[in-house]
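A closer look at the structure
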Amino acid sequence: MENLNRFRGLFSALLTPFNGNGSINFNSLEKLIEFNLKNGADGFYVGGSTGEGLLLTNEERKAVFECAASAAKGRATLIAHVGTLHTDAACELARSAEKLGYDAVSAVAPYYYSFSLEAIMKYYNDISESTDLPMIIYNFPASGGFSLTKDIAEKMFENKKFIGIKHTSADMFALWQFKHMSRETIVYNGFDETLLSGLSMGADGAIGSTYNFMGGKFKRLISEFKKGNTAKAQKIQNEANEIISEMIKYGVFQSEKAILTEMGIDMGECRRPFLPISDECRRSMKIIAEKLTTD
């Protein structure tokens, strides 16, 4: 049975920095990983939505996997997001992650074509069979219409290589149900703004984008929750949510890159069709970055 302890904790959904010409800024990516580790990250979710993974070529995704593995140097648990529309391409990415020493692979369900449940289950099993790595399902109903349920998960988790679920949904009852399946399952809270809610419903940890620059704050939230200091944990969640609310006005990924750039890690722009970072966004995120730096 897979030792699941290394999969618990706070995982940063790693952003992908870009140079002015649109190429990946590997120097900034290395700095971002060091910054996250300094702030207590237990692991990294590499190449997911936050990392603009679906806007990268497969070769770029492999290069990001390689850079993250090299920079982490065995100091964190690494989960490679390999999801894509093309099963063979996802399997190729999974094999690349395995060669680089990743601890697990993960994948969002195939989207756009309204695939049948049978096709989605085969997609996950095909990826799982392509490597010896454990699989973490990325349950993100808003990304394409597929919503994992406990009954479906029970069938999928008959495959013993399936160990966890990244639950990017506000459905806390579903999160609770995943934690009460017939065998032990690691469940990650996926929305940063509901981390405290997720913990209260049994989440083993969290994967989120704002942990790239608020990792220390969220680590304190988890610590206070575990000590039973609910009021202190709620105060921290409230502080984080005020920042997230401001970010939503301008675009979450653009705002995250603006904040980290202000903190000294040049993140560049998001890839098109994301819009450029506006001057108003930069001004607002500079204020937030300054506040976070002095907290």
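Scroll up a little and you will see the structure.
Definitions and limits used
- Residues numbered from 1 in each chain as written.
- Predicted model: local features only at pLDDT ≥ 70, side-chain atom pairs only at ≥ 80, totals over all residues.
- Heavy atoms only, no water.
- Helix = DSSP H or I, 4+ residues; strand = E, 2+ residues; numbered from the N terminus.
- Rg over C-alpha atoms; globule rule 2.2 N^0.38 Å.
- Buried < 20%, exposed > 50% of the residue type's maximum accessible area, 1.4 Å probe, protein only.
- Contact = heavy atoms within 4.5 Å.
- Areas by Shrake-Rupley, 256 points an atom, 1.4 Å probe, with all protein chains shown as cover.
- Core = buried A, V, L, I, M, F, W, Y, C linked by side-chain atoms within 4.5 Å.
- Pairing = 2+ DSSP bridges.
- Right-handed = clockwise from strand over helix to strand, strands pointing away.

A tally of regular secondary structure across the protein chain gives eleven helices and eight strands. Whereas a compact globule of 295 residues would reach a radius of gyration of roughly 19 Å, the protein chain reaches 18 Å, a difference of no more than 12%. Taken over the C-alpha atoms alone, the protein chain extends approximately 50 × 45 × 35 Å along its principal axes. A burial count over the protein chain gives 55% of its 295 residues as buried. Sequence-distant contacts in the protein chain: of pairs separated by 6 or more residues, those separated by 24 or more amount to 68%. Of the roughly 12,900 Å² of accessible surface on the protein chain, a fraction of 52% belongs to carbon and sulfur atoms.

Once that is clear, we can look at the environment of Gln177. Note that Gln177 resides in helix 6 (residues 172–178). In the structure, Gln177 is positioned 118 residues away from Asp295 in sequence and 36 Å away in space, judged by C-alpha atoms.

A general trend in soluble globular proteins is that nonpolar side chains are found buried together. In this structure, Phe44, Val82, Tyr102, Tyr124, Ile127, Leu148 and Met156 are the most contacted members of the largest nonpolar core, which totals 83 residues. Looking at this core element by element, the count peaks at seven residues for helix 2 (residues 58–72). Aside from chain neighbours lying at most four places away, what touches Val82 is Arg61, Phe65, Ala90, Leu93, Ala94, Val105, Ser106, Ala107 and Ile127. Counting residues in each nonpolar core, the second largest holds 14 residues, with Phe7, Phe11, Ala13 and Ile207 among its members.

What follows deals with the pairing of strand 7 (residues 186–189). Side-chain alternation along strand 7 places Ile186 and Tyr188 on one buried face and Val187 and Asn189 on a second face that is also buried. Bridging between strand 6 (residues 162–167) and strand 7 involves four bridges; their strand directions are parallel. The residue bridging Ile165 from the neighbouring strand is Val187, located in strand 7. Note that the unit made of strand 6, helix 6 and strand 7 has a crossover that is right-handed. Note that strand 7 and strand 8 (residues 205–208) share two bridges and pair parallel. Residue pairing for strand 8: Tyr188 is matched across the bridge by Gly205. Note on the crossover from strand 7 through helix 7 (residues 195–200) to strand 8: the handedness is right-handed.

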